[in-house]
Amino acid sequence: SKLNSSPQLSAQSKPNQTADQEGWSVVKADPPKAYSKMKMVEKTIQNYTTLTTTCLDQELCSICCNPLGSGQVLSLTKCGHKFHSLCIQDMILRQPGQQHIQCPNCQTIHGIKTGNQPMGGEMSFKKMAGKVPGHPDC
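These numbers come from a predicted model, not from an experiment.

Reading the values: the criteria
Residues numbered from 1 in each chain as written. Predicted model: local features only at pLDDT ≥ 70, side-chain atom pairs only at ≥ 80, totals over all residues. Heavy atoms only, no water. Salt bridge = Lys/Arg side-chain N within 4 Å of Asp/Glu carboxyl O. Helix = DSSP H or I, 4+ residues; strand = E, 2+ residues; numbered from the N terminus. Buried < 20%, exposed > 50% of the residue type's maximum accessible area, 1.4 Å probe, protein only. Polar contact = N/O pair within 3.5 Å; in protein donor to acceptor, adjacent residues only side chain to side chain. pLDDT = per-residue confidence, 0-100. Contact = heavy atoms within 4.5 Å. Pairing = 2+ DSSP bridges. Axes fitted to C-alpha atoms, helices over the stretch in contact; angles between N-to-C directions. Core = buried A, V, L, I, M, F, W, Y, C linked by side-chain atoms within 4.5 Å. Disulfide = S-S within 2.5 Å.

Considerations on the pattern of salt bridges
Then comes step 1: By the definition in use, this model includes 2 salt bridges.
Then comes step 2: In this structure, Glu59 and Lys82 form a salt bridge, with 3.8 Å as the shortest nitrogen-oxygen distance. Of this pair, Glu59 sits in the loop between β3 (49-52) and β4 (73-76) while Lys82 sits in strand β5 (residues 82-84), and the two are 23 residues apart along the sequence.
Then comes step 3: Here Arg94 makes a salt bridge to Asp90, at a shortest N to O gap of 2.9 Å. Of this pair, Arg94 and Asp90 both sit in helix α2 (residues 85-94), separated by 4 residues, roughly a single helical turn.
Then comes step 4: Residue classification places Asp90 among the partly exposed residues on the basis of a relative accessible area of 33%.

What about the side chain of His84?
Then comes step 1: Along the polypeptide, His84 turns up in strand β5.
Then comes step 2: Since its relative accessible area comes to 7%, His84 is described here as buried.
Then comes step 3: Polar side-chain contacts of His84 include one of 3.0 Å to the backbone oxygen of Pro67.

Describing the confidence of the model for the chain
Then comes step 1: The share of residues in the chain with pLDDT of 70 or more is 73%, and the mean pLDDT across the chain is 76.
Then comes step 2: This stretch, residues 1-13, has a pLDDT under 50; its non-local contacts, to residues over four places away or in other chains, come to 20 contacts.

Structural notes on the sheet that holds β4
Then comes step 1: In spatial order, the strands read β3-β4-β5; together these 3 strands make up an open sheet with antiparallel pairing. Either end of the sheet is taken by a strand with one partner, and the two such strands are β3 and β5. Averaged over all pairs of adjacent strands, the angle between their axes in this sheet comes to 40°, without regard to strand direction.
Then comes step 2: Where β3 and β4 come together, 4 bridges link them in antiparallel fashion. When the bridges of β4 are listed, Leu51 appears paired with Leu74.
Then comes step 3: Across the sheet, helix α1 (residues 37-48) is in contact with β3 and β4; its angle to β3 comes to roughly 75°.
Then comes step 4: Sheet strands in contact with α2 are β4 and β5, and its direction is about 85° off that of β5.

Things to note about the nonpolar core
Then comes step 1: Ile45, Cys61, Leu76, Phe83, Ile88, Ile92 and Ile101 are the most contacted members of the largest nonpolar core, which has 14 residues in total.
Then comes step 2: Every residue in contact with Ile92, bar those within four places of it in the chain, is listed here: Val41, Thr44, Ile45, Gly97, Gln98, His100 and Ile101.

A closer look at the state of the cysteines
Then comes step 1: Tallying each qualifying case throughout the model produces 0 disulfides.
Then comes step 2: Summary of cysteine pairing: Cys61 is not part of a disulfide, and the nearest cysteine sulfur, belonging to Cys87, is at 3.8 Å.
Then comes step 3: Here Cys87 stays unpaired: no disulfide links it, and the sulfur of Cys64, its closest cysteine neighbor, is 3.7 Å away.
Then comes step 4: Taking the relative accessible area as the measure of exposure, Cys87 reaches 12% and is therefore buried.

Structure below.
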């Protein structure tokens, strides 16, 4: 097997990401747990949002287009965009993978985006030096 999970990437590395001696990066989804889909959504909301009490009267939730003054409002931790709690919850439930939030305003990813990678699965990738043949801009 080419995988050696002991060497870690630099200080910029992401959780669940390791590198082997050949330069391959491996991203592992969290191992399967007895979480229901809703429990996973609640955990994601808890990890990547904060409860907000200050909203301008004219601020709208970009998910439902209603004023933020109505309902519980959450702010995303990295980008600070605000949404209704129920809107964020519904958005996470409907996306592939419930371990991340991708801000609908700026596309910032909060957490690890695994898409529909199975729980406990892994994906290997390697950045190659040089350009792609036939594509001078790449």
